[in-house]
Amino acid sequence: MNKVVLTGIKPTGIPHIGNYFGAIRPAIEMSNNPEYDGYFFIADYHALNFIKDPNELKELTKLVACTWLACGLDPKKVVFYRQSSVPEVTELNWILNNVTSKGLMNRAHAYKASVDRAISEGKDPDFYVNMGLYCYPILMAADILLYNTKLVPVGLDQKQHVEMARDIAKSFNKTFGYTFVVPSELISEDVAVVPGIDGSNKMSKSHGNVIPLFCSEEELKKYIMSIKTDSTPVGDPKSVECTLFKLYRLFATEQECMKMAAKYQAGIGWAEAKNELFIAANNYLKPMREKYNYYMSHYDEVLAILEAGEKKARKVAKETLQRARTAIGL
Ligand code: ADP
Ligand code: TRP
C-alpha cells in the first residue's frame, strides 16, 4: 500500500514567491512520486482564527485553490479538497479531545506566544486566546489521522503540531487499541528561505515584504524595482549574497547564474541587475500566471475539481471515523 502524504494550506493571505519555493513546489514534486498518495487541502477551518470576514475567507480560498492548480497540482494524482467539506474531521476532533491532555496544548508555541504577548502588554494572559487557537493542534491532528497519513511535509514552524498529532495518535491507540497510523513530519532542510524585498532574511506576509506569486507583469516589475540594494556604484563588483542575486538564483538555470555572477563581479549596475531579475522571474512565472488567470476566471471548474476531491476524501474519512467510533464503543 502507498504511503499517504498530506499537507494543509491555510487561506490566510495572497500566496507569494516564498510560499512557492518553500512549500508549494516541493509538495507538488512529492505528489509526482508514484510511491505516495497525496492529500492536499485548504485548511479553511484553521483560517477562522485569522480571518473574520466571510467574503475575505471565500476570496482567499479561491486564490489559494487557483494557485495550487496553476503551480501544477494534478487533481488526478492528488486528492485536493477543502477541509470544511469533510465534516467528519470535526467529529474526530471531538473524539480526540478526550485523549489529549490540557498540558499538551499548554505547550503549543502559538498559544504560548499569544500568552507572552498579552503578559508583556500588561493584559490578562488569555486576552488573545480563543478556543480555536488553543485547540488548533487537535483539529490539525484530526486532519492528519483521518486520512491514515504517514508523512506530513511542513515548514519548521509546524513541526511541533505534527509531533502533537503523533502523541495524540499514540495516546488513542494505547487506550483503545491500534486505530490510527502514527504520522511523522517531513521537514525539507534544503529548502532555502526566500529573502524579503526589504533586504530582510525572510519574505513573509506578516513582514509586508513579499512579491505576490501572480501579480501582473507591471506589478512584478514594480516589486522588483523596489528591492532594497546598497549604494555600491556601477562598475564596482557586487556580492552574490545580496537579495537580488538570491532571488535571481530561484528563477534561473545553473548556467545563467554563473553568467550573472560574472556580471556582478564585473560591476553590473543595480538597475540592470533588477531588470535581469525581472526578465528571469517573468519568464518563469508567465505560464503559471496564465493558468492562474484562467482558473480565476473559470472558478466553476475549480469548484468541480474540489468537489470531486471531496468525494474521495470523505470516503476515506468515513472509514477511519467508523473505525474510531467502533474502537470507543459508539
Ligand atoms: P507567511 O510567512 O507569509 O505568513 P505562511 O506561514 O503562511 O507564510 O507559510 C506557508 C508555507 O510557506 C509554509 O510551509 C512556510 O514554511 C512557507 N514559507 C513562507 N515564507 C517562506 C519563505 N520566505 N521562504 C521559504 N518558505 C516560506
Ligand atoms: N497549521 C498549518 C499551517 O499553519 C496548516 C494545517 C492545518 C496543516 N492542518 C494541517 C498542515 C495538517 C499539515 C497537516 O500552516
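See the structure above.
Residues numbered from 1 in each chain as written. Chains lettered and ligands numbered in written order. Predicted model: local features only at pLDDT ≥ 70, side-chain atom pairs only at ≥ 80, totals over all residues. Heavy atoms only, no water.

As a further point, take the sheet that holds strand 3 (residues 78–82). What the five strands build is an open sheet, ordered 3-2-1-4-5; its pairing is parallel. Here the strands that pair on one side only, and so sit at the sheet edges, are strand 3 and strand 5 (184–186). Pairs of neighbouring strands in the sheet enclose a mean axial angle of 25 degrees, with direction left out of account. In terms of strand pairing, strand 1 (residues 3–9) meets strand 2 (residues 36–42) through seven bridges, oriented parallel. Within the sheet, the bridge partner assigned to Val-5 lies in strand 2 and is Gly-38. Strand contacts of helix 1 (residues 17–31): strand 1, strand 2, strand 3, strand 4 (149–153) and strand 5, with the helix running at about 145 degrees to strand 2, the strand carrying the most contacts. (Pairing = 2+ DSSP bridges. Helix = DSSP H or I, 4+ residues; strand = E, 2+ residues; numbered from the N terminus. Axes fitted to C-alpha atoms, helices over the stretch in contact; angles between N-to-C directions. Contact = heavy atoms within 4.5 Å.)

Here we take up helix 1. Relative to the 21 Å expected for 15 residues at 1.5 Å per residue, helix 1 spans 20 Å between its end C-alpha atoms, a close match to the ideal helical length. Roughly 35 degrees is the biggest bend found in helix 1, and it falls at Ile-24, with proline Pro-26 one to four residues downstream. Listed as buried for helix 1 are Ile-17, Gly-18, Tyr-20, Phe-21, Ile-24, Ala-27, Ile-28, Met-30 and Ser-31. (Expected span 1.5 Å × (residues − 1). Bend = angle between axes of the 7 residues up to and from the residue. Buried < 20%, exposed > 50% of the residue type's maximum accessible area, 1.4 Å probe, protein only.)

Moving on, we come to the site of ligand 2. What surrounds ligand 2 is a group of 14 residues, the closest being Lys-10, His-46, Tyr-136, Asp-143 and Gln-158. Interatomic distance of 2.9 Å between a side-chain N/O atom of Gln-158 and a nitrogen atom of ligand 2. When residues of the shell around ligand 2 are traced back to their parent elements, those giving at least two are strand 1 and helix 8 (136–145). Here the shell around ligand 2 takes four residues from helix 8, the largest share from any one element. The residue makeup of the shell around ligand 2, split by class, is eight nonpolar, four polar and two charged. (Near = heavy atom within 4 Å. Polar contact = N/O pair within 3.5 Å; in protein donor to acceptor, adjacent residues only side chain to side chain. Nonpolar A, V, L, I, M, F, W, Y, C, P; charged D, E, K, R; others polar.)

Relative to the helices and strands, Met-225 is located in helix 10 (residues 217–225). Counting along the chain gives 26 residues from Met-225 to Gly-199, while the straight-line C-alpha distance between them is 13 Å.

On to the pattern of salt bridges. Applying the stated rule across the entire model yields 13 salt bridges. With a closest N to O distance of 4.0 Å, Lys-76 and Asp-74 form a salt bridge. As a salt-bridge pair, Glu-88 and Arg-314 come within 3.1 Å of each other at their nearest N and O atoms. Of this pair, Glu-88 sits in helix 4 (residues 88–97) while Arg-314 sits in helix 14 (residues 299–328); the two residues are 226 residues apart in sequence, bridging distant segments of the chain. The partly exposed category is assigned to Arg-314, whose relative accessible area is 30%. Via salt bridges that share partners, Lys-159, Glu-163, Arg-166 and Glu-185 belong to a single interconnected network. (Salt bridge = Lys/Arg side-chain N within 4 Å of Asp/Glu carboxyl O.)

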